[in-house]
Amino acid sequence: MSSDAPNQAQIDYWNAGAGETWAALNDRLDRQLAPLGDAAMEALALQPGDRVLDVGCGCGHSSLALARAVGGTGQVTGIDVSRPMLDVARRRVPEGMESQLEFLEADAQSYSFETEAFDALYSRFGVMFFADPAAAFRNLTSGLALRGRLSFVCWRSLAENAWMAVPRNAGLQHLPPAASGDPSAPGPFAFADARRIEAILVQGGYTNISISPFDTDIVLGRDLDEAVGMALKVGPLGAMLRETPQQLGTVSRVVREALTPYVRRDGVLLPAATWIVTANRASAWEPG
Ligand SMILES: C[S@@+](CC[C@H](N)C(=O)[O-])C[C@H]1O[C@@H](n2cnc3c(N)ncnc32)[C@H](O)[C@@H]1O
């Protein structure tokens with residue numbers, strides 16, 4: 001991908017430490033995220049034979065679940081910019097499913113999709129990283145069939161997502177102050193504001209938009225050691241520690257303390273807050 005790509009900063013991010021971390025922890029992250037992704041998948045009401053695009057598919061767990069849902073007559077394409085995560089995804093394609101499930105290394109905001117190649121668009125936390133989200137959704141719409149539909153799950157605010165906020169706030173005592181940047185900048189919380197999502201989707205060519213809260217507890221780890229290990233590697237704290245690795249020991253101690261009250265019999269559980277978003281391609285929409 002060329003260095004003047006619109007999403008170059010995110011492409012670099014997901015090909016360096018973040019992508020490698022997600023690739024290494026993909027099974028554990030999938031266990032955490034699957035219940036949230038499943039809620040968005042259910043809302044898509046897939047039919048056997050559907051052709052689906054999985055946007056920001058990462059290590060391909062959701063793509064495989066989609067492929068199972070649409071069966072042998074269906075087709076699933078996962079698109080992502082992260083080579084280390086796509087390497088994991090490609091290795092996970094079961095024998096006999098190679099023609100039904102494919103992965104594409106490309107920027108979903110600018111890739112030239114074949115017209116009406118998909119009946120449905122799906123994403124599990126993969127649509128919040130576009131530099132120009134309205135342009136990205138317009139581009140995705142160009143690949144969607146006339147009666148096509150979309151469903152995705154995205155995070156609400158950091159404050160509502162204790163599973164990320166608790167370790168991050170504990171770690172901040174020993175890290176440089178976090179920049180208070182533009183809340184809509186590309187990143188996990190860029191779609192926290194439901195009104196912004198609606199505006200982006202209207203500009204992107206969608207109608208019949210539904211944005212519903214979906215809350216659940218996330219199992220950060222099966223025990224405290226695993227939960228601390230995860231908290232130090234993923235989410236906002238993981239990103240900060242990749243920049244300041246010398247603080248790992250001190251931060252690890254305060255994060256352990258902060259997570260201790262959340263230990264339950266079945267693991268370390270903290271609240272997660274998401275939006276499940278569904279919409280249909282607007283019949284009047286024309287590629288611009
Ligand atoms: C939070 S991860 C989610 C991965 C996966 N969907 C999952 O749930 O495990 C976000 C994903 O979006 C991908 N991504 C970010 N910007 C993208 C873009 N412009 N086009 C395609 N994928 C993108 C990243 O590489 C990363 O794999």
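Computed from a predicted structure; not experimentally measured.

A. Just the overall build of the protein, in detail. A tally of regular secondary structure across the protein gives 11 helices and 8 strands. In summary, the protein has a C-alpha radius of gyration of 19 Å against a globular reference of 19 Å for 288 residues, a match within 12%. Principal axes of the C-alpha set define a box for the protein whose edges measure 55 × 40 × 35 Å. The proportion of buried residues among the 288 residues of the protein is 53%. Pairs at least 24 apart in sequence give 82% of the contacts found in the protein among residues at least 6 apart. Carbon and sulfur atoms make up 50% of the accessible area of the protein, which amounts to about 13,000 Å² in all. Across the protein, the 24 positively charged side chains and the 33 negatively charged ones have centroids separated by 5 Å.

B. Here's a closer look at the site of the ligand. Neighbouring the ligand are 19 residues, the closest being Gly56, Asp80, Asp107, Ala108 and Arg124. At 2.7 Å, a backbone N or O of Gly56 approaches a nitrogen atom of the ligand. A distance of 2.6 Å separates an oxygen atom of the ligand from a polar atom in the side chain of Arg124. For the ligand, whose free accessible area comes to 590 Å², the fraction covered by protein is 97%. Split into classes, the residues belonging to the shell around the ligand amount to 11 nonpolar, 5 polar and 3 charged.

C. Just the nonpolar core, in detail. Ranked by size, the top nonpolar core spans 94 residues in total, and within it Phe137, Phe152, Trp155, Phe191 and Leu259 carry the most contacts. With near-sequence residues (within four places) excluded, Leu259 lies in contact with Val166, Pro167, Leu220, Leu224, Ala227, Val228, Ala231, Val268 and Leu270.

D. The side chain of Asp54, seen in detail. Mapping Asp54 onto the fold places it in strand E1 (residues 51–55). Polar side-chain contacts of Asp54 include one of 2.7 Å to the side chain of Ser63.

E. Focus on helix H5 (residues 83–91). Where H5 is concerned, the buried positions are Pro84, Met85, Leu86, Val88 and Ala89. Against the buried residues of H5 lie helix H1 (8–15), helix H2 (17–24), helix H3 (26–44), strand E2 (75–80) and strand E3 (101–105).

F. Highlighting empty space enclosed by the protein. Tallying each qualifying case throughout the model produces 2 cavities of 30 Å³ or more. Together, Trp163, Met164, Pro167, Leu220, Met230, Ala231, Val234, Gly235, Pro236 and Leu237 line the largest cavity. Its residues placed into classes, the lining of the largest cavity shows 9 nonpolar, 1 polar and no charged. Of the voids in this model, the second largest cavity is the one considered here, and its volume is about 50 Å³. Looking at the second largest cavity, the residues that line it are Val55, Leu121, Tyr122, Ser123, Val127, Phe137, Leu140, Leu150, Ser151 and Phe152. Counting only elements with at least two residues in the lining of the second largest cavity, the list comes to strand E4 (118–124), helix H6 (133–142) and strand E5 (144–155). For the lining of the second largest cavity, the residue count by class is 8 nonpolar, 2 polar and no charged.

Rules behind the numbers
- Residues numbered from 1 in each chain as written.
- Predicted model: local features only at pLDDT ≥ 70, side-chain atom pairs only at ≥ 80, totals over all residues.
- Heavy atoms only, no water.
- Helix = DSSP H or I, 4+ residues; strand = E, 2+ residues; numbered from the N terminus.
- Rg over C-alpha atoms; globule rule 2.2 N^0.38 Å.
- Buried < 20%, exposed > 50% of the residue type's maximum accessible area, 1.4 Å probe, protein only.
- Contact = heavy atoms within 4.5 Å.
- Areas by Shrake-Rupley, 256 points an atom, 1.4 Å probe, with all protein chains shown as cover.
- Lys, Arg positive; Asp, Glu negative; His and termini not counted.
- Charge placed at Lys NZ, Arg CZ, Asp CG, Glu CD.
- Near = heavy atom within 4 Å.
- Polar contact = N/O pair within 3.5 Å; in protein donor to acceptor, adjacent residues only side chain to side chain.
- Nonpolar A, V, L, I, M, F, W, Y, C, P; charged D, E, K, R; others polar.
- Core = buried A, V, L, I, M, F, W, Y, C linked by side-chain atoms within 4.5 Å.
- 1 Å grid on protein atoms, 1.4 Å probe; cavity = no way out; pocket = protein on both sides within 12 Å on 5 of 7 lines; lining within 4 Å.
- Points joined across faces, edges and corners; volume = space filled by probe spheres on them.

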